[in-house]
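Single-letter residue listing:
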Amino acid sequence: MDAPATSPAHPPGTLAATPAAPSPRSGPPRAGRRIRRQLPTSPWLFAAPGLLVVGVFSLYPFLSTVLNSFTDRRTLVPGHYVGLANFRELWHDDMFWTGLRNSTLYVLGVVPALVVLPLLLAMLVQRHIPGIAFFRAAFYTPVVASIVVVGLIWVWMLDDRGLVNSVLEAVGAGKVGFLSDQWLLLGSAMAVTVWKGLGYYMIIYLAALADVPRELHEAAAVDGAGAVRRFFTVTVPALRSTMVLVAALSSVSAFKVFSEVYLMAGPGGGPAGEDTTLVMLVQRVGTGLTGRVGYASAISVVVFVVTVALMLLVLRADRKEDA
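Described in the following lines is the structure provided in the data block. Because the structure is a prediction, the values reported are computed rather than measured. (Residues numbered from 1 in each chain as written. Predicted model: local features only at pLDDT ≥ 70, side-chain atom pairs only at ≥ 80, totals over all residues. Heavy atoms only, no water.)

### Quick notes on the nonpolar core
Link 1 in the chain: Counting 64 residues, the largest nonpolar core has Tyr106, Tyr205 and Leu239 as the members making the most contacts within it.
Link 2 in the chain: For this core, the secondary structure elements donating two or more residues are α4 (94–125), α6 (147–158), α8 (182–209), α10 (227–238), α11 (240–255), α12 (259–265), α13 (278–286) and α14 (293–322).
Link 3 in the chain: Ignoring any residue separated from it by four or fewer positions in sequence, one finds Tyr106 in contact with Val111, Leu186, Ala189, Met190, Thr193, Ala254, Val257, Glu260 and Val261. (Core = buried A, V, L, I, M, F, W, Y, C linked by side-chain atoms within 4.5 Å. Buried < 20%, exposed > 50% of the residue type's maximum accessible area, 1.4 Å probe, protein only. Helix = DSSP H or I, 4+ residues; strand = E, 2+ residues; numbered from the N terminus. Contact = heavy atoms within 4.5 Å.)

### Topic: the packing of α4 against α13
Link 1 in the chain: At a minimum axis separation of 8 Å, α4 and α13 run at an interaxial angle of 145°. Across the interface between the two elements, Met95, Phe96, Gly99, Leu100 and Ser103 from α4 touch Leu278, Leu281 and Arg284 from α13.
Link 2 in the chain: Class assignment for the residues of the contact of α4 with α13 results in five nonpolar, two polar and one charged. (Axes fitted to C-alpha atoms, helices over the stretch in contact; angles between N-to-C directions. Nonpolar A, V, L, I, M, F, W, Y, C, P; charged D, E, K, R; others polar.)

### What to know about the layout of surface pockets
Link 1 in the chain: In this structure, the largest pocket spans a volume of roughly 670 Å³.
Link 2 in the chain: Together, 18 residues line the largest pocket, and Met123, Gln126, Arg127, Arg214 and His217 are the ones closest to its centre.
Link 3 in the chain: Of all the secondary structure elements, the ones that give two or more residues to the lining of the largest pocket are α4, α9 (214–222) and α10.
Link 4 in the chain: The element contributing the most residues to the lining of the largest pocket is α10, with five residues.
Link 5 in the chain: Here the lining of the largest pocket is built from residues that sort into ten nonpolar, four polar and four charged. (1 Å grid on protein atoms, 1.4 Å probe; cavity = no way out; pocket = protein on both sides within 12 Å on 5 of 7 lines; lining within 4 Å. Points joined across faces, edges and corners; volume = space filled by probe spheres on them.)

### Examining the pattern of salt bridges
Link 1 in the chain: Counted by the stated rule, this structure contains two salt bridges.
Link 2 in the chain: Two residues, Glu89 and Arg292, come together in a salt bridge whose shortest N-O distance is 2.8 Å. Note that Glu89 is positioned in helix α3 (residues 85–91) and Arg292 in the loop between α13 and α14, a separation of 203 residues in sequence. (Salt bridge = Lys/Arg side-chain N within 4 Å of Asp/Glu carboxyl O.)

### Here's the deal with the packing of aromatic side chains
The way to describe two aromatic rings as a pair is by their centre distance and the angle between their planes.
Link 1 in the chain: Overall, the coordinates contain ten aromatic pairs when judged by the stated rule.
Link 2 in the chain: Ring centres of Trp154 and Trp195 lie 5.7 Å apart, and the angle between their planes is 65°; on these two criteria the pair is classed as edge-to-face. Taken together, the residues Trp154 in helix α6 and Trp195 in helix α8 connect sequence positions 41 residues apart.
Link 3 in the chain: Assessed through its relative accessible area of 35%, Trp195 is described here as partly exposed.
Link 4 in the chain: An aromatic cluster of three or more residues is present, and its members are Trp91, Phe96 and Trp97. (Phe/Tyr/Trp six-rings, centres within 6.5 Å; stacked < 30°, edge-to-face > 60°.)

### Things to note about the packing of α4 against α11
Link 1 in the chain: Relative to each other, α4 and α11 sit at 150°, their axes nearing to 8 Å. Between α4 and α11, the interaxial angle falls into the category roughly antiparallel. For the pair α4 and α11, the crossing hand works out as right-handed. Across the interface between the two elements, Leu100, Ser103, Thr104, Tyr106, Val107, Val110, Val111, Leu114 and Val115 from α4 touch Met243, Val246, Ala247, Ser250, Ser251, Ala254 and Phe255 from α11.
Link 2 in the chain: Taken together, the residues of the contact of α4 with α11 sort by class into twelve nonpolar, four polar and no charged. (Parallel < 35°, antiparallel > 145°, perpendicular 65-115°, else oblique. Left-handed = near helix turned anticlockwise from the far one by under 90°.)

Spelled out as structure tokens, the structure:
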């Protein structure tokens, strides 16, 4: 017996309903939108680690130093508010004026050398001649060397029984008190700073020289300009902004000098402390169990104000030349 025919799932004459194909725009709708959605705080989450480091290691110490400059705080004593007493004491402190004089002389002696000499050095090593890579590395080596090692090497060389005085004695010139004379010691420290910074600023000038169009030099040469004239009429104007940058960086670094003078003059700052700089004075006054933290903070505030004034002075001079 035949099995009864099953009735179709849909009436005759009608088409079976086919499932609608998903639209190309529909896709996983909600998941895609969630990926594209950006929280307003997302940029701050990425910047938070850097801001935390700046706040903890830069902003907080700066604000703490400013607040301490108006107190009589010591190393183990919280201190109390004394207003401008620390700054009035600075006005009558002979050692403060000695440090200010030495730091200012350091800027006047170091900055011009670090603006001009690295430029000449960069123009020398940018030439493509055999073996020039060795000289580039040699000129940059003092930059990566430890300042403590560099300072000790120069102390050994300039000591009364050092290499330089031994050579002078051998030729019959007599010893020179590089580390015992007030002004010779300060000049020797300046020479160390210049020697160590030549390679760093040379790299900055090399990057700037690569952007100077060669056509300018060729046009000047066609007009009959020699090497010296091309240097002053083409190279210097093209590198003026770079020279301003180098002047600003080197002036701030020179005014805050510490390691070179400290290593060569000793903790006492040379003969009778006459080679003490402002940063050395901060270290001497504000450290130890009886350190005057409030007074050292006042000196630090003065150093900050002077360095900012130096940068503004350099930038203002550059704007006057542009005008």
